[in-house]
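Examination of the molecular architecture
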Amino acid sequence: MTKVIVVTSGKGGVGKTTSSAAIGTGLAVKGHKTIIIDFDIGLRNLDLIMGCERRVVYDFVNVINGEATLNQAMIKDKRLEELYVLPASQTRDKDALTKEGVEKVINELGEKGFEYIICDSPAGIEAGAILALYFADEAIVTTNPEVSSVRDSDRILGMLASKSRRAEQGLEPVKEHLLLTRYCPARVHRGDMLSVEDVCEILAVPLLGVIPESQSVLKASNSGEPVIFDTESDAGQAYQDAVERLLGNSLELRFVNEQKKGFFSRIFGG
């Protein structure tokens, strides 16, 4: 059975596309046939992070408008047998997406045997973002540990509860997950950042994972490699943990406590 998961947030720049790429890739690594769809019409960054920007010929809007088939627009990942990307259009308006068109694409993907459809949502509450969450079975609400980001995520939770197809039809609610990104325990300790506990208390959503602030995320994005492939980095490992939890496995949180420096580190500044 196909599961539609939206990766969403109220605020821009919190790491939605990075998270969509990492989680979609992680599911495919586990053997699940997965496609990541870029809903950010007019901007289109998913193909860059996935390293397939030169292979884009047709896009999501072309499929919806009948200008290309889904097979023509889907890009198969070169690294993983079970992973595909459906890029957004860079030249169209955000209103190019329609509810009927998106539904048709999602239904066709289900018929093709996709287990997971990851919808990489644009920020905010505009039409593209609402369409990205409308068909969701589950939502990964991505937020930074700062007050404005958390407040905007709370608004998105309200949208999931009222604007989704499940809400409209009185079905079981969209299953919500919280993904906390760019977390720095040292800054939390100094009082510059909200703690994991603070964010969980405000949003009251089950915690999927905490992604530490890490240079490896930027490095991975610039090289067109989802950061989850960087198994040596703390961010890569944190995304692997998040995928395990998404699949129903119970793992302890890592990277949430400040590392105490040892004697030699304090002496030599390591």
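Let me begin by describing the structure that accompanies this report. These figures come from a predicted structure and were not determined experimentally. (Residues numbered from 1 in each chain as written. Predicted model: local features only at pLDDT ≥ 70, side-chain atom pairs only at ≥ 80, totals over all residues. Heavy atoms only, no water.)

1. A closer look at the overall build of the protein
When you go through the protein residue by residue, the secondary structure sums to 13 helices and eight strands. Here the C-alpha atoms of the protein give a radius of gyration of 18 Å, agreeing with the 18 Å that 2.2 N^0.38 yields for 270 residues. For the C-alpha atoms alone, the extent of the protein along its principal axes is close to 65 × 40 × 35 Å. In the protein, of all internal contacts separated by at least 6 residues, the share reaching a separation of at least 24 is 74%. (Helix = DSSP H or I, 4+ residues; strand = E, 2+ residues; numbered from the N terminus. Rg over C-alpha atoms; globule rule 2.2 N^0.38 Å. Contact = heavy atoms within 4.5 Å.)

2. Looking at the pairing of strand β7 (residues 175-183)
Pairing of strand β6 (residues 138-143) with β7 involves six bridges; the strand directions are parallel. Bridging across to β7, V141 finds its partner in L178. Two strands pair when backbone bridges link them, and β7 and strand β8 (residues 207-212) are joined in this way by four bridges, in the parallel orientation. Paired with L178 across the strands is L207, a residue of β8. (Pairing = 2+ DSSP bridges.)

3. Some words on the side chain of S153
If you trace the backbone, S153 turns up in helix α7 (residues 147-163). Here S153 falls in the buried class, since its relative accessible area comes to 0%. (Buried < 20%, exposed > 50% of the residue type's maximum accessible area, 1.4 Å probe, protein only.)

4. Remarks on the nonpolar core
Counting residues in each nonpolar core, the largest one holds 52 residues, and the members touching the most others are F39, F60, L97, V102, L109 and L160. Sequence-distant contacts of L109, that is, excluding residues within four places in its chain, are made with I35, I37, L70, M74, F114 and I117. (Core = buried A, V, L, I, M, F, W, Y, C linked by side-chain atoms within 4.5 Å.)

5. Details of the layout of surface pockets
Roughly 530 Å³ of volume is contained in the largest pocket. Surrounding the largest pocket, 27 residues form its lining, G13, V14, G15, T18 and R182 being those nearest its centre. Secondary structure elements with two or more residues in the lining of the largest pocket: α1 (16-29), β7, β8 and α11 (215-223). (1 Å grid on protein atoms, 1.4 Å probe; cavity = no way out; pocket = protein on both sides within 12 Å on 5 of 7 lines; lining within 4 Å. Points joined across faces, edges and corners; volume = space filled by probe spheres on them.)

6. Some remarks on the pattern of salt bridges
For side chains bearing opposite charge, pairing can occur when the charged atoms are close. Under the counting rule described, the total for this entry stands at 14 salt bridges. With its nearest N and O atoms 3.5 Å apart, the salt bridge here joins R44 to D47. Pair check on accessibility: R44 and D47 agree, each one buried. Residue E81 pairs with K76 through a salt bridge whose shortest N-O separation is 3.5 Å. (Salt bridge = Lys/Arg side-chain N within 4 Å of Asp/Glu carboxyl O.)

Just geometry here; none of it tells us what the structure is for.
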